[in-house]
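Observations on chain architecture
Take a look at the letters that make up each chain.
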Amino acid sequence: MGRDFYKILGVSKDAKDDELKKAYRKLAMKWHPDKNPGDKQAAASEKFKEVSEAYDTLSDPQKRQIFDTYGEEGLQGMPPPGTEGAAGPGGMPGGFPGGVPAGGFPGMGVRFQSTPAGFSEDTARRIFEEFMGGDLGGMFGGGGLGGGARRVPSFQGIFAESRKRPQREGSQGGRLGPELFGRRSSRGFQGMGDDMGEGPAPRPQKIEVQLSCTLEELFNGATKKLKVTRNVTDAAGKTSKVEETLEIKLKPGWKEGTKVTFEGKGDSRPGAPRQDLVFVIKQLPHARFSRHGDDLHCPVTLSLVQALHPDSLDVPTLDNRVLRVRPRDTVVLPGSQKVIPNEGMPKAREWGKRGSLVLKYAVKFPRKALDATEAAQLAALLEGKE
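All of the points below concern the structure found in this document. Every residue gets a number counted from 1 within its own chain, in the order that chain's sequence is written. Note on the predicted model: pLDDT of at least 70 is required for a residue's local features to be given, and 80 or more for side-chain atom pairs to be given and counted; whole-chain, interface and lining totals, by contrast, use all residues. Water and hydrogen atoms were dropped before computing side-chain values, which therefore reflect all heavy atoms in the structure.

This paragraph deals with helix α4 (residues 61-70). Where α4 is concerned, the buried positions are K63, R64, I66 and F67. For α4, the angular spread of buried residues about the axis comes to 165°, placing them on one side. With respect to the buried face of α4, the exposed residues turned more than 90 degrees away are P61, Q65 and T69. In the analysis that follows, any N or O atom pair within 3.5 Å is treated as a polar contact, provided that within protein one partner can donate a hydrogen and the other can accept it, and provided that, for residues neighboring in sequence, both atoms belong to side chains. Each helix is a run of DSSP H or I of at least 4 residues and each strand a run of E of at least 2, with the numbering of both proceeding from the N terminus. Where α4 begins, one side-chain oxygen reaches toward the backbone nitrogen of Q62, 2.9 Å away; that side chain belongs to D60. Working definition: with a 1.4 Å probe on protein chains only, accessible area under 20% of the residue-type maximum means buried, over 50% means exposed, and in between means partly exposed. As used here, the arc is the angular range of directions from the helix axis to the C-beta atoms.

So, in structure tokens, the structure goes:
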């Protein structure tokens, strides 16, 4: 039985492109051979090749379709990516249009034979280079960037530098590609330094702005449009104001403190990169619900009669439904609660899953005391019910 590429990357079978990229980047950085020298390098190289092969398969719609249908065995007849004979428009290797490999598929009486070389480390490194931003050959001990570009530092140094840099929690409308390699220019990659002694390029200043969101917006998702005004200074030192409308797409389940970064959308200052604008989610209080992680808590006040004789009650939800809930089959005690699974907040990182709705009961007692006759009647009613 073939390998499970989804399990290798640690993603679900309905994972989107962004989830695949995030998982691959994390694992490739962890297992890259240059980050695991000495005795660990051989084992790390195998892991690196495995996660690269998994990402190469699942990020290609055609390969992913074959893998989902036939498993790894359905891909064994395909040449490694980037080699002669790999799939092109209109068909798969061997001239079978419609995506059927020349080796056949399992269940058709024909067994696939894997390629002799397998998935090589060179192939894995090439996938990593392309993922990280293009021709980075010099980082891997190759020919550099070409065209007389300067030599870039060792990959071990880059990994060490990356551990010092804080990671962005979210980004919309910014540059593509990770910050690890800095920004590419005609002279090479900025932000890494080089063997000629040039220091790192200055990093943009991050300006944080609070973004107030209702609980309904964080439950259902929403698009917020914000008009921002920034100061732009030209080469002559003249400052002008520029207005722009930024669009922020709130994803269902986002929590307070989530950050959305717009790179280069802040003020520009002479001799410094343009500031990054960072919106920080601030959840507004809600009249009925309070949020605790992915759970929603809702206080419910019952009369003494309702507590002694529980009956169904209606609880409105954030998505405009009404839940018919029976508190419990016995007497409702003050401070008790009822947990309703999958009726809480959406889980932002687990598609289709939600937290719980927790109903917290309070019992309202009469303010006026009973007289002797009423107390005797109540005692008679409660006799034998302890």
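Structure's up, so let's keep going.
Right, let's get into the environment of K13. Position of K13 relative to the elements: it lies in the loop between α1 (5-9) and α2 (17-31). By relative accessible area, which is 61% here, K13 ends up exposed. A sequence separation of 55 residues divides K13 from D68, and the C-alpha atoms of the two residues are 8.5 Å apart. Any two residues having at least one pair of non-hydrogen atoms within 4.5 Å are treated as being in contact. Leaving out residues up to four positions away in the same chain, K13 has contacts with Y6 and R64.

Turning next to unusual backbone geometry. For N320, which is not glycine, the phi torsion reads 65° and is therefore positive. You can call N320 exposed: its relative accessible area is 75%. For N342, which is not glycine, the phi torsion reads 60° and is therefore positive. In this fold, N342 is placed in the loop between β14 (337-340) and β15 (357-364).

Looking now at the packing of aromatic side chains. For Phe, Tyr and Trp, rings pair up if their centres lie within 6.5 Å, where Trp contributes its six-membered ring, and each pair is then called stacked (planes under 30 degrees apart), edge-to-face (over 60) or tilted (otherwise). All chains considered together, the criterion is met by seven aromatic pairs. Geometrically, the ring pair formed by F5 and F67 is stacked, given 4.9 Å between the ring centres and 20° between the ring planes. One end of the pair, F5, is in helix α1; the other, F67, is in helix α4, with 62 residues separating them in the sequence. Accessibility assignment for this pair places F5 and F67 in one class, buried. Between F262 and F279, the ring centres sit 5.9 Å apart and the planes meet at 90°, which makes this aromatic pair edge-to-face. Remark: F279 occurs in strand β9 (residues 276-283) and F262 occurs in strand β8 (residues 259-262); sequence separation between them is 17 residues. Taken as a pair, F262 and F279 share a single burial class, namely buried.

Let's shift gears to the environment of E46. Looking at the secondary structure, you find E46 in helix α3 (residues 41-58). Given the relative accessible area of 47%, E46 is considered partly exposed. Measuring from C-alpha to C-alpha, the distance between E46 and E121 comes to 8.1 Å, with 75 residues separating the pair along the chain.

Functional significance is not addressed by these values, which are geometric in nature.
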